[in-house]
Amino acid sequence: MAKGPEEFSVDFVLVGTAAVVAKTAAAPIERVKLLLQNQGELLKRGQLQKPYVGISDCFYRVSKEGFFSFWRGNQANVIRYFPTQAFNFALKGYYKRLFGSRKEDGCFKWFLANVASGSAAGATTSFLLYHLDYARTRLATDGFLCPVNGKRQFHGLVDVYCKTLATDGVPGLYRGFGASIVGLTIYRGMYFGLYDSVKPIVLVGKFQDNFFASFILGWTVTTVSGICAYPFDTVRRRMMLTSGHPMKYSSPIHAFSEIIRVEGLRGLFRGVTANILLGVAGAGVLSGYDQLYRLVYRSKYSSITKKAS
């Protein structure tokens, strides 16, 4: 049954709230992941003098910048993530109806419809909000230990936009967007497709309202989806870092081949362990949304029942 305007608005607020809380809590892990993932580019451009030898080493070196440096760039992340996740979940329902997703059509067709609706929802919002993801990446990889001319390259969110627009124009804010769409299609398709397809099978009986079971399912789905799409995430972020520099990758294929040539296949998966830990945030969004949804609508229907009686 289609959702009305009221339920659409509730979906928007609930998942946006769950997303902001989860992503802010996981921001330190995400910054470490971004530094590990992009250290090859930072080393090549002289913005990093010594490579990170692992997650613990990266955490230690970031901690030298100060406690709150772990949240550097999180402002852009919060601004981006609220509408991104909210629209993804809300629009997913629209695309599921558009693609005619029904269990009665068979498990395989139902799964494909879930994958397609998840991918379409992600792609719809990505174009409008990609520049915020770019700003987050530039701020997160711009640390005291990764200096340009002895100081940070950017002083804040607005400074990222000003300097990028001055050197590269609007295209500079969307560098790597092509690779992003491919990775997004894979990630969002599996993220929503797997969760919606497995949830009715696993979260039944005593596990139906179990937050822990929902969380584990969300983390598993996030991890599998993230690993499959990770090489494309690496390519797009490496391309982002070339804005403002004279030497740029001519295409995602060029970036992909150069990373493998210089760093090997491993270069495409740097930081993937931190990304798996980061999956806690994604799992928190999914399970948190489910719990908030149940609380809100259980309260709503309970109130209606009382009035009726």
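Residues numbered from 1 in each chain as written. Predicted model: local features only at pLDDT ≥ 70, side-chain atom pairs only at ≥ 80, totals over all residues. Heavy atoms only, no water.

Colleague: Report on a nonpolar patch on the surface, specifying residues and quantitative values.
Modeller: On the surface, a nonpolar cluster with roughly 400 Å² of combined accessible area is contributed by I227, F256, I260, L265 and F269. Looking at the secondary structure, you find I227 in helix α9 (residues 211-240). Residue classification places I227 among the partly exposed positions, given a relative accessible area of 36%. (Patch = residues over 30% accessible without salt bridge, like charges linked within 9 Å, V, L, I, M, F, W, Y side chains within 5 Å. Areas by Shrake-Rupley, 256 points an atom, 1.4 Å probe, with all protein chains shown as cover. Salt bridge = Lys/Arg side-chain N within 4 Å of Asp/Glu carboxyl O. Helix = DSSP H or I, 4+ residues; strand = E, 2+ residues; numbered from the N terminus. Buried < 20%, exposed > 50% of the residue type's maximum accessible area, 1.4 Å probe, protein only.)

Colleague: Explain the packing of helix α8 (residues 177-202) against α9 residue by residue, including any values.
Modeller: Contact pair α8 / α9: the axes reach a minimum separation of 8 Å and the direction vectors enclose 165°. One way to sum up the angle between α8 and α9 is to call them roughly antiparallel. Regarding α8 and α9, the two cross each other, and that crossing is right-handed. Looking at the contact of α8 with α9 residue by residue, the classes come out as 16 nonpolar, 7 polar and 2 charged. (Axes fitted to C-alpha atoms, helices over the stretch in contact; angles between N-to-C directions. Parallel < 35°, antiparallel > 145°, perpendicular 65-115°, else oblique. Left-handed = near helix turned anticlockwise from the far one by under 90°. Nonpolar A, V, L, I, M, F, W, Y, C, P; charged D, E, K, R; others polar.)

Colleague: A description of the packing of aromatic side chains should follow, citing residues and the corresponding values.
Modeller: This model, assessed by the stated rule, comprises 9 aromatic pairs. Seen in terms of ring centroids, F59 and F70 are 5.6 Å apart; in terms of plane orientation they differ by 40°. Their pairing is tilted. Taken together, the residues span a long stretch of sequence, with F59 in helix α3 (residues 55-63) and F70 in the loop between α3 and α4 (74-99) at a distance of 11 residues. Pairing F127 with F177 gives two aromatic rings, centres 5.8 Å apart and planes at 70°, and the pair type is edge-to-face. Of this pair, F127 sits in helix α5 (residues 107-140) while F177 sits in helix α8; the two residues are 50 residues apart in sequence, bridging distant segments of the chain. Of the residues examined, F177 reaches a relative accessible area of 18% and is grouped as buried. Of the aromatic side chains, those joined through ring pairs into one cluster are F127, Y130, Y174 and F177. (Phe/Tyr/Trp six-rings, centres within 6.5 Å; stacked < 30°, edge-to-face > 60°.)

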